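A look at the structure
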Amino acid sequence: MIFLEAARAMAPWITQLRREFHRHPELGNREFHTAETVEAILASMKLEPRRLLGTAVVCDIEGALPGPTVALRADLDALPLQEETGLPYASEIPGVMHACGHDFHAAGLLGAAKLLSARRDTLPGTVRLLFQPDEEGDGGARRLIEAGCLAGVSAVFGAHVRPELPVGQVGVKYGPAYAASNPFVIRIKGQSAHGAEPQLGSDALLAGAQIVTALQSIVARRVSPTDSAVLTVGSFHAGTACNILAGEAVLEGMLRTFGEESRRRLVAAATELVTSIARGLGCEAETDFTWGYPGVVNHAREASLVLEAARDLLGPEAVTVLDTPTMTTEDFGYYLQAVPGCFYHVGVGCDAPLHSPRFNPNEDALPVLAALHAQAAWKALQAEL
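Attention here is on the structure that accompanies the text. The residue numbers shown here count from 1 along each chain, following its written sequence. pLDDT decides what is reported in this predicted model: residues at 70 or higher carry local features, side-chain atom pairs at 80 or more are listed and counted, and totals for whole chains, interfaces and linings draw on all residues regardless. To obtain the side-chain values, all non-hydrogen atoms of the structure were used and water was disregarded.

1. A short note on the pairing of strand 2 (residues 56–62)
- Within strand 2, 6 of the 7 residues are buried, which leaves it mostly tucked inside the rest of the structure.
- For two strands to be treated as a pair, DSSP must find at least two bridges joining them. Only DSSP runs of H or I reaching four residues or more are called helices, and only runs of E reaching two or more are called strands; each is numbered from the N terminus. Judged from the 3 bridges that link them, strand 1 (residues 50–52) and strand 2 form a sheet pairing that is antiparallel. When the sheet's bridge partners are listed, Arg50 is paired in strand 2 with Val58.
- The turn linking strand 1 back onto strand 2 is made up of 3 residues, and Leu53 within it adopts a positive phi angle of 55°. Accessible area is worked out with a 1.4 Å probe on protein chains only. A residue is then buried under 20% of its type maximum, exposed over 50%, and partly exposed in between.

2. Here we look at the sheet that holds strand 10 (residues 248–257)
- Read across the open sheet, the 4 strands follow the order 9-10-8-11; overall the sheet is antiparallel. The open sheet is flanked by strand 9 (229–238) and strand 11 (284–289), the only strands paired with a single partner. Taking the axes of each pair of neighbouring strands and ignoring which way they run, one obtains an average angle of 20° across the sheet.
- Across 6 bridges, the pairing between strand 8 (residues 180–189) and strand 11 is antiparallel. Considered in strand 11, the bridge of Arg187 is made with Glu286. Interaxial angle, 0 to 180 degrees, is taken between N-to-C directions of lines fitted to C-alpha atoms, where a helix line uses only the stretch in contact.

3. Looking at the nonpolar core
- Counting 74 residues, the largest nonpolar core has Leu42, Leu72, Leu116, Val127, Leu129, Phe131 and Tyr344 as the members making the most contacts within it.
- Looking at which element gives the most residues to this core, the answer is helix 10 (residues 366–384), with 12 residues.
- Those residues within four positions of Leu72 in sequence are excluded, and the remaining contacts are Leu109, Leu116, Val127, Arg128, Leu129, Leu130, Phe157, Tyr344, His373 and Ala377.
- Among the nonpolar cores identified, the runner-up in size contains 24 residues, and Phe184, Leu231, Leu266 and Ile277 belong to it. Residues belong to one nonpolar core when they are buried, are Ala, Val, Leu, Ile, Met, Phe, Trp, Tyr or Cys, and are joined through side-chain atoms within 4.5 Å. Contact between two residues is taken to exist if any of their heavy atoms lie within 4.5 Å; hydrogens are not considered.

4. Looking at the side chain of Asp77
- The residue Asp77 is located in the loop between strand 3 (65–75) and helix 4 (102–117) in this model.
- Buried charge without a partner: Asp77 forms no salt bridge, and the closest opposite charge is Arg73, 7.0 Å away.
- We call two N or O atoms a polar contact when they sit within 3.5 Å, provided that within protein one can donate a hydrogen and the other can accept it, with sequence-adjacent residues counted only if both atoms are side-chain atoms. Of note is the side chain of Asp77, whose polar atom sits 3.1 Å from the backbone nitrogen of Glu135.
- Side-chain polar atoms of Asp77 contact the backbone nitrogen of Glu136, separated by 2.8 Å. Counting rule for charge: Lys and Arg are taken as positive, Asp and Glu as negative, and neither His nor the chain ends is counted. Salt bridge, as used here, is a side-chain nitrogen of Lys or Arg placed within 4 Å of a carboxyl oxygen of Asp or Glu.

5. Topic: helix 3 (residues 32–44)
- Here helix 3 is 13 residues long and its end C-alpha atoms lie 18 Å apart, about the 18 Å a rise of 1.5 Å per residue gives.
- For helix 3, the full list of buried residues reads Thr34, Ala35, Thr37, Val38, Ile41 and Leu42. Projected down its long axis, helix 3 carries its buried residues within an arc of 160°, all on one side.
- For helix 3, the secondary structure elements touched by its buried residues are helix 2 (11–23), strand 1, strand 2, helix 4 and strand 4 (124–132). By this rule, a helix spans an expected 1.5 Å times one less than how many residues it contains. Here the arc refers to the directions that run from the helix axis out to each C-beta atom.

This is the structure:
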């Protein structure tokens, strides 16, 4: 089943949907307008969407032929960012923007739904549509799984737009594709004193500064040169006046790793380093690591299915097997811990990067995304028979 020609024929409709979502972005767990729009469109296809988690929409496209169930996922939430594209359909919500392409994802999955629902009489099984909230925040995927969205699902697929790939290009990574994330907060307790009499206090700011510098040695000296990890301290708050030793300091950052063993080892190493430096400077430190997204690790069989689907649609020259993973993270990894699947990249040929206020993906990629979702789901259903 080849879907690209049909997807291109309905490109104006998919584009209109994407622009509607783009004008009305909503932050995580507040995607009420978006969810209502998705529900209405699915209902117009004579489907029966159901609401979970307040703003999640789940819907089954049941084929006339018996078969397994596979899932396709799109995320719905936007970012707290003021748009600077100047587009006529720019965000109408101050300080909120679809700068990560989730408007693209939602419109593309609705396009796939239309392609698949029109072919229910020959569909060999069921395609479950997952419109998920809160990918950018606290992991809507995990909560949606806990609510039962993967019950009976044998494989799950999803995609992310990539500005560095040209329109019409698809990238698939076998194995680890996105890093695991561990946000952290370091709280340092010292003793305030007059800046002219530092011997009477313990400088939490000084301890924090040395900790920031020393933490970079974790990656430089605790990670093999052939492996990857990133440790970023993005926030440092300390002190109340120029002539007072800071009694407290708070650092916030993110550790990104591949593999559970590396993740646990580096968290332990960072915690030990922070405690030792603080103690050596007469302070106390408390390090709090949050066990964040697990990373995205694609399954080989499902990655091969996506590659075949993309080659069928676009030709072999349009498909790239990616060599290196990205250090960004994605909560799609929770799905892949539960069932086999693949998370792939679709090119949108944009100069501005993801999470930029100028992010403006090429809408010619919308029918490619819709068709690839439909093709991957169909191929996966056939493979399970």
